[in-house]
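This is what each chain is made of:
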Amino acid sequence: MADVESNTVNESGFHATSRVGNYELSIDATKEEGPSPNEVLLADYASCYTFAFRAGAKREHDIDLGRIETEAEANLNDDDDIVDGSVRFHLQVEADLDDDEVEELVELGEEICHVHAALHEGMYAEIDVTPNA
């Protein structure tokens, strides 16, 4: 059994419902019934990085950051793929941090963030298909 699992059902069109544990996500390539896959990926990356930024501050420096708001954006190419190097995060942090602390926490966030690691290590899926299911 895998450590992380999900189940995605697409009945027709470009909308899918994904179940992860007890949670359900609605994802829609046309953005009519939910966010697009790219929007979900960007939100997941931003959430993971935000958690990692907080974890680095707490673990390495015993700093309580208070409220963090992360605005994320990315550019798409003509094929609607996220352009490599175009993802940007802007974190607004309640805590008073100096420039050195910010620089160190940014680096710690990148080291700790699991989504960052997966994307930068070239994550790929092994795929097998069962026809006539």
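So, here's what we can say about the structure.

Calculation notes
- Throughout this document, residue positions are counted from 1 along each chain, in the order its sequence is written.
- Local features are withheld for residues below a pLDDT of 70 in this predicted model, meaning they are given only at 70 or higher, and side-chain atom pairs are given and counted only at 80 or more; totals for whole chains, interfaces and linings count all residues.
- Only hydrogens and water are set aside; all other atoms, that is, all heavy atoms of the structure, feed into the side-chain values.
- Only the stretch in contact is used when a helix axis is fitted, and all axes are lines through C-alpha atoms; the angle between N-to-C directions ranges over 0 to 180 degrees.
- Think of it this way: any DSSP run of H or I at least four residues long counts as a helix, any run of E at least two long counts as a strand, and we number them from the N terminus.
- Rotating anticlockwise by less than a right angle from the far helix to the near helix defines a left-handed crossing, while the corresponding clockwise rotation defines a right-handed one.
- A contact between two residues is defined here by any heavy atoms of the two lying within 4.5 Å.
- Any residue that is not Ala, Val, Leu, Ile, Met, Phe, Trp, Tyr, Cys, Pro, Asp, Glu, Lys or Arg is counted as polar, Gly included; the first ten are nonpolar and the last four charged.
- Pairing of aromatic rings covers Phe, Tyr and Trp, the last counted by its six-membered ring, and requires centre-to-centre distances within 6.5 Å; plane angles under 30 degrees mean stacked, over 60 mean edge-to-face, and any other angle means tilted.
- Throughout this description, buried means an accessible area under 20% of the type-specific maximum (1.4 Å probe, protein chains only), exposed means over 50%, and partly exposed covers the range between.
- By definition here, a helix of n residues has an expected span of 1.5 Å times n minus one.

**Things to note about the packing of helix H1 (residues 37–61) against helix H2 (residues 99–112)**
Logical step 1: The N-to-C vectors of H1 and H2 enclose an angle of 115 degrees; their axes lie 8 Å apart at closest approach. By crossing handedness, the relation of H1 to H2 is classed as right-handed. Where H1 approaches H2, its residues Tyr 49, Ala 52, Phe 53, Ala 55, Gly 56, Ala 57, Arg 59, Glu 60 and His 61 are matched on the opposing element by Glu 104, Leu 105, Val 106, Leu 108, Gly 109, Glu 110 and Ile 112.
Logical step 2: Of the residues in the contact of H1 with H2, the class split is 9 nonpolar, 3 polar and 4 charged.

**Considerations on the packing of aromatic side chains**
Logical step 1: Tallied over the full model, the rule gives 3 aromatic pairs.
Logical step 2: Centre to centre, the rings of Tyr 45 and Phe 89 are 5.0 Å apart; their planes meet at 80 degrees, and the pair counts as edge-to-face. Of this pair, Tyr 45 sits in helix H1 while Phe 89 sits in strand S5 (residues 88–93), placing them 44 residues apart in sequence.
Logical step 3: Since its relative accessible area comes to 25%, Phe 89 is described here as partly exposed.
Logical step 4: Of the aromatic side chains, those joined through ring pairs into one cluster are Tyr 45, Tyr 49, Phe 53 and Phe 89.

**Topic: H1**
Because the α-helix completes a turn every 3.6 residues, residues three or four places apart line up on one side.
Logical step 1: For H1, spanning 25 residues, the distance from its first C-alpha to its last is 35 Å, which sits close to the expected 36 Å at 1.5 Å a residue.
Logical step 2: Residues of H1 that are buried: Leu 42, Tyr 45, Ala 46, Cys 48, Tyr 49, Thr 50, Ala 52, Phe 53, Ala 55, Gly 56 and Ala 57.
Logical step 3: Positive phi appears at Asp 62, one or two residues downstream of H1, with a value of about 50 degrees.

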